[in-house]
2 protein chains.
Amino acid sequence: MNYGVFVPGASPDGHATPRVGVQWNDAVVDLGLLGLDAPPGLFDGPSLNPFMAAGPDVWAAVAEQLADPAADLERAATPVERANLLLPIEVADYVDFYASIDHATNVGLLFRPDQPLMPNWRHLPVGYHGRAGTVVVSGTPVRRPHGQRLDAHGTVVFGPSTRLDFELEVGFVVGVPSGQGAPVPVEGAASHVFGVVLLNDWSARDIQAWEYQPLGPFLGKSFATSVSAWVTPLADLEGARIAPPAQSPEPLPYLQTDQPWGLDLDLTVERNGEQVSACPFAPMYWTLAQFVAHLTVNGASLRTGDLLGSGTVSGPEPGQRGCLLEMGGPFLADGDEVVLRGQAVNGVALGEVRGVVV
Amino acid sequence: MNYGVFVPGASPDGHATPRVGVQWNDAVVDLGLLGLDAPPGLFDGPSLNPFMAAGPDVWAAVAEQLADPAADLERAATPVERANLLLPIEVADYVDFYASIDHATNVGLLFRPDQPLMPNWRHLPVGYHGRAGTVVVSGTPVRRPHGQRLDAHGTVVFGPSTRLDFELEVGFVVGVPSGQGAPVPVEGAASHVFGVVLLNDWSARDIQAWEYQPLGPFLGKSFATSVSAWVTPLADLEGARIAPPAQSPEPLPYLQTDQPWGLDLDLTVERNGEQVSACPFAPMYWTLAQFVAHLTVNGASLRTGDLLGSGTVSGPEPGQRGCLLEMGGPFLADGDEVVLRGQAVNGVALGEVRGVVV
C-alpha cells in the first residue's frame, strides 16, 4: 500500500496536525488510529521519516497487519477529497542521477553530435546533488523562474525562463541510514531504501545551458522539484523486478550484481489533459542497487530522507521521451499543467505528480 | 563572540545533552545558564539553528547582554579542554561557490590554457550543490575515499584516491529562512545570514576529474566537508567589511550593490605543523550579498542551516594558493594533518578547522 502524510480537513493551514496514512481505495487511512503493533511515534507525522528509519522488519510487520481483514481500515478512513496530502518525506540530501542511456544519448546528441555519451557514462552512474529545500509535493504550483540566459545574439540577458521543461523521473527514498566511511554493498539497497515516488525535475533549459559549466546544473533546476504525495514501498514492487539491460563494458566489481534490480514500470506524461509521452522504466541502464553502491563507495553516508532521482526516463522509441528538450518542444507556457503517472507490471499504481506553471 | 554547541565532559557519547555556548577566553560559556532575556528554547541544543532562525534583533539583543559585565560569564564557563565541541549547525542545503578569480583562473589554466575562465564566470557566481549529510565538525578524522579514476594509461581503475586535496574556504550560515518564489535582494544578506565558519572542502582530484562531466563534482567531494566548531556572527565582522574588487563587466542589476560586502580576512593553511599558504579573502571576486541574491533569484528558498561555501580562497601571489591542485602538490598522505585558521582585520578570530587523513 502507498504511504503518505495528510491533514484531515479542508486546509493544510488548519489546526489539525499531520498524520501518517495509507492509500486505500478512495480514502486515506490514519495509521495512528489502528492500534498497530509497532514501535511508538512512527505515525504522528509530520513526515514518514520515523517510520522509514525503523527498517525492513517494521515495514513488513506493518504491511502484514494492514493486509489482515481484522485491521478494519474503514474505521480510520477519510475520503481522499477531504484530506490534504503533504510532502511525505523530510528530504535530507537530494541526488539526481542520469541513468537512462536513451535520455543521455538524445541530450548528448544536441550538444556533442560526435560523442553523445561522455567517456565515463558507461563506467559509473553519473549523478549530482540537487536542492533538497525546494522539493515540493504534487499539486504545488510551480513559478516560472527568472534568471540569466544568452539571447539569440549571444548577449547575457535576465528575465523569465523561455525554455521551461519537465523531467519525468522515478525517485527512491532512503529509510535506514548508513555510517560515514561504511560503503553500502550493491546488494544493500533493499536494507536501506524504503520506497518509490514519481518525480518531476522541472528544468529551465536556458538558465541551465548558460550556468552549468564547469560545476553542473544549479539555478536551472533548484527552483522546484515535485514529488508524488504517495510513497510506494519497494517491497510492493517485488513482482515488478526484472533484469536490467546488459551493461557493456562490465562494471567494476562494486557495481556488479546478479539480482534483478530493474523495475518494469510504465510511466506517462500528460500535458493539459493530453498524453504526450509513454516511457518504460525497464530499459534504464543503471539500477537503484548501483545508485546506492556508487553513492556510498567513497564513504559518504546515507540519511533517512535521502531522495535519489533516476534522471529523466526515456525509452528508445520516439514516443518515449521524458522531457521536452528531447521532444523538440514546445516548452511550457504559463498555465500548462503536467501530470506524471506510473503503473508497475504487477498492478501497483505509483502516486501521481501534478503541477501547474504559474 | 563565536557561537558553538558543546557537551560538557570528556566524551561526546556521554550522558550530558548538547548545549549552545559562546567562546570566551579559554572557556565555553553555557548560554542556557545565564538567564538571558531571549525567547525560550534557543540554547537547549543540539544545534544553533533555533537561535539562528530567531533573526537579527535577537542576535543583537543576546550579544548586547553578553557584552555587559553584569552577565558574569564566569559562572557558566567550562574550560574548553573539558568541553566537546560538536557540529554547530544542522546543515540544510550545502551550496559551494567558486568565487575566487585567482583560484578559477589557476585551475582553469590546468584544463583549458586558452580559456581559463568560462564565459559565464564574470557574469554570475558559479556554484553547485554539495552533500549536506557529510559535513563534519573540526577534529573529525577524514577517511581517504575509494573510487573510480583513470590510471596513467587511461584505464579505469578502482581504489583509494591518490590525489587527495584540501580546499581552504569560508562558509556562510543562513539563519532566517526565505520563501519559495520570493527572491532575496542583494542587500538582504544581513537579514538572513547569521555567521561565518571556516570550511575545508576535501577533494579527491582523481575521482573528481573522471566523474565530473557533464553534471559537476559528486563523489570527489561528498565523502567529507569539515567546518569549524565556532560560528562567528556576521555582525562581529562589521569592522572587516571592505569594498570588493571592481567587477567587469558590470553585473546585472540584481547583483549590483554599493555596499562594501567584501571581507578583509587573513586565512592560513598549516600542514603537519608548517604553514604552507597564507590567503587573503579580500580579493574574492563575488561577495556573500551576491551569493544570496543569485541563489534565490530563480525563486529558490533559503532554510535555516543552509551553508554557502565561498569556493577555494586563493590570492594573486604564489604563496596564496588555497589548495594543493594549484600548488602543484604533493597531495595528502595518510596521517597528514591540515589546519585552517582565519583572522579578521578588526581582530576577530574565526574558529579553526582541523582534520587528519586516515
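Residues numbered from 1 in each chain as written. Chains lettered and ligands numbered in written order. Predicted model: local features only at pLDDT ≥ 70, side-chain atom pairs only at ≥ 80, totals over all residues. Heavy atoms only, no water.

Participant: An account of the nonpolar core is needed here, citing residue identities and associated values.
Facilitator: Within the largest apolar cluster, 146 residues are counted, with the highest numbers of intra-cluster contacts made by Phe172, Leu288 and Leu308 of chain A together with Phe172, Leu288 and Leu308 of chain B. In this structure, Tyr3, Leu31, Leu48 and Val173 of chain B belong to the second largest nonpolar core, which totals 35 residues. (Core = buried A, V, L, I, M, F, W, Y, C linked by side-chain atoms within 4.5 Å. Buried < 20%, exposed > 50% of the residue type's maximum accessible area, 1.4 Å probe, protein only.)

Participant: Hey, could you go over the interface of chain B and chain A for me, with residue numbers and the actual values?
Facilitator: Contacts between the two partners involve 53 residues from chain B and, on the opposite side, 53 residues from chain A. Summing the contributions of chain B and of chain A, the shared interface buries around 5,200 Å²; its carbon and sulfur component is 60%. The three residues of chain B that bury the most area against chain A are Arg131, Leu215 and Phe218 of chain B, which together make up 16% of that side's buried surface. One can count two salt bridges joining chain B with chain A. (Contact = heavy atoms within 4.5 Å. Buried area = accessible area lost by both parts, 1.4 Å probe. Salt bridge = Lys/Arg side-chain N within 4 Å of Asp/Glu carboxyl O.)

Participant: Could you give an account of the sheet that holds strand 20 (residues 274–280) of chain A, with specific residues and numbers?
Facilitator: Residues and elements named next belong to chain A. Taken in spatial order, the four strands line up as 20-19-22-23 in an open sheet, and their pairing is antiparallel. Looking along the sheet, the strands with just one partner apiece sit at the ends: strand 20 and strand 23 (353–356). Averaged over neighbouring strand pairs, the angle between their axes works out to 15° when direction is ignored. In this structure, strand 22 (residues 337–344) lies alongside strand 23, joined through four bridges in antiparallel fashion. (Pairing = 2+ DSSP bridges. Helix = DSSP H or I, 4+ residues; strand = E, 2+ residues; numbered from the N terminus. Axes fitted to C-alpha atoms, helices over the stretch in contact; angles between N-to-C directions.)

Participant: I'd like a rundown of empty space enclosed by the protein, residues and numbers included.
Facilitator: By the definition in use, this model includes six cavities of 30 Å³ or more. Of the volumes computed, that of the largest cavity is approximately 120 Å³. Together, 15 residues line the largest cavity, and Trp261, Gly262, Leu263, Phe281 and Leu288 of chain B are the ones closest to its centre. When the residues that make up the lining of the largest cavity are grouped by side-chain class, the tally is eleven nonpolar, three polar and one charged. What the second largest cavity holds in volume is close to 80 Å³. Of all the elements in the fold, those that place two or more residues in the lining of the second largest cavity are strand 18 (262–263) and helix 6 (288–296) of chain A. Its residues assigned to classes, the lining of the second largest cavity shows ten nonpolar, three polar and no charged. (1 Å grid on protein atoms, 1.4 Å probe; cavity = no way out; pocket = protein on both sides within 12 Å on 5 of 7 lines; lining within 4 Å. Points joined across faces, edges and corners; volume = space filled by probe spheres on them. Nonpolar A, V, L, I, M, F, W, Y, C, P; charged D, E, K, R; others polar.)

Participant: Give me the domain arrangement of chain A: which residues, what numbers.
Facilitator: Residues and elements named next belong to chain A. Taken domain by domain, chain A comprises domain 1 (3–86) and domain 2 (94–356). Here domain 1 and domain 2 have C-alpha centroids that lie 28 Å from each other. When the area that domain 1 buries against domain 2 is broken down by residue, the three leading residues are Tyr3, Met52 and Trp59, summing to 43%. Counting across the interface, domain 1 meets domain 2 through zero salt bridges. Among the elements of the structure, strand 1 (3–8), strand 2 (19–24), helix 1 (49–53), helix 2 (56–67) and strand 5 (83–86) are those that each provide at least two residues to the side of domain 1 that touches domain 2. (Domains from an automatic or database assignment.)

Participant: Residue-level account of the layout of surface pockets, with values.
Facilitator: Volume-wise, the largest pocket comes out at about 710 Å³. For the largest pocket, the lining is made up of 29 residues, of which Glu90 and Val91 of chain A together with Glu90, Val91 and Arg303 of chain B are closest to its centre. The leading source of residues in the lining of the largest pocket is strand 8 (residues 135–137) of chain A, at three residues. Split by residue class, the lining of the largest pocket holds 15 nonpolar, ten polar and four charged.

Participant: Could you give an account of helix 2 of chain A, with specific residues and numbers?
Facilitator: For helix 2 of chain A, which comprises twelve residues, the first-to-last C-alpha distance of 16 Å matches the rise-based estimate of 16 Å (1.5 Å per residue) to within 8%. For helix 2 of chain A, the secondary structure elements touched by its buried residues are strand 1, strand 2, helix 1, helix 4 (189–192) and strand 13 (193–200) of chain A. (Expected span 1.5 Å × (residues − 1).)

Participant: Mind laying out the environment of Pro283 of chain B, listing which residues take part and the relevant values?
Facilitator: Residues and elements named next belong to chain B. Its location among the elements puts Pro283 in the loop between strand 20 (274–280) and helix 6 (288–296). Separated by 18 residues in sequence, Pro283 and Leu265 have C-alpha atoms that sit 9.9 Å apart. Residue contacts for Pro283: discarding those within four places in its chain leaves Asp102, Pro245 and Pro316.

Participant: So what's going on with the pairing of strand 12 (residues 168–174) of chain A? Residues and values would help.
Facilitator: All names here are of chain A. With seven of seven residues buried, strand 12 lies mostly within the body of the structure. With seven bridges connecting them, strand 12 and strand 13 associate as antiparallel partners. Within strand 13, the position partnered with Val174 by the bridge is Val193.

Participant: So what's going on with the pattern of salt bridges? Residues and values would help.
Facilitator: Here the structure, examined in full by the defined rule, presents 32 salt bridges over all chains. A salt bridge links Asp306 of chain B to Arg131 of chain A, with the shortest nitrogen-to-oxygen separation between them at 2.8 Å. In this pair, Asp306 of chain B is assigned in the loop between helix 6 and strand 21 (307–309) and Arg131 of chain A in the loop between strand 7 (127–130) and strand 8, connecting two distinct chains. When its relative accessible area of 0% is taken as the criterion, Asp306 of chain B is described as buried. Overall, the relative accessible area of 3% leaves Arg131 of chain A in the buried class. For Asp201 of chain A, the salt bridge goes to Lys221 of chain A, with nearest N and O atoms at 3.2 Å. Of this pair, Asp201 of chain A sits in the loop between strand 13 and strand 14 (203–204) while Lys221 of chain A sits in the loop between helix 5 (205–211) and strand 15 (225–227), placing them 20 residues apart in sequence. Considered together, Asp201 of chain A and Lys221 of chain A belong to a single accessibility category, that of buried residues. When salt bridges with common partners are traced through the structure, they connect Asp165, Glu167, Asp201, Arg205 and Lys221 of chain A into a single cluster.

Participant: Requested: an account of helix 2 (residues 56–67) of chain B, with residues and values cited.
Facilitator: Residue and element names in this part refer to chain B. What helix 2 keeps buried is the set Val58, Trp59, Val62 and Leu66. Each buried residue of helix 2 lies within a common arc of 100° when the element is viewed along its axis, so the set occupies one face. Away from its buried face, by an angle of more than 90 degrees, helix 2 presents the exposed residues Asp57, Glu64 and Ala67. (Arc of directions from axis to C-beta.)

Participant: Explain the packing of aromatic side chains to me, using residue names and the numbers behind them.
Facilitator: All names here are of chain A. According to the stated counting rule, one finds 24 aromatic pairs over all chains in the structure shown. Between Tyr3 and Phe51, the ring centres sit 5.0 Å apart and the planes meet at 25°, which makes this aromatic pair stacked. With Tyr3 in strand 1 and Phe51 in helix 1, this pair connects stretches of sequence that are 48 residues apart. For the pair shown, Tyr3 and Phe51 are each scored as buried. Grouping aromatic residues by their ring pairs yields a cluster made of Tyr3, Phe43, Phe51, Trp59 and Phe194. Seen from the ring of Trp261, Arg241 lies directly overhead, with NZ or CZ sitting 4.0 Å from the centre. (Phe/Tyr/Trp six-rings, centres within 6.5 Å; stacked < 30°, edge-to-face > 60°. Lys NZ or Arg CZ within 6 Å of the ring centre and 35° of its normal.)

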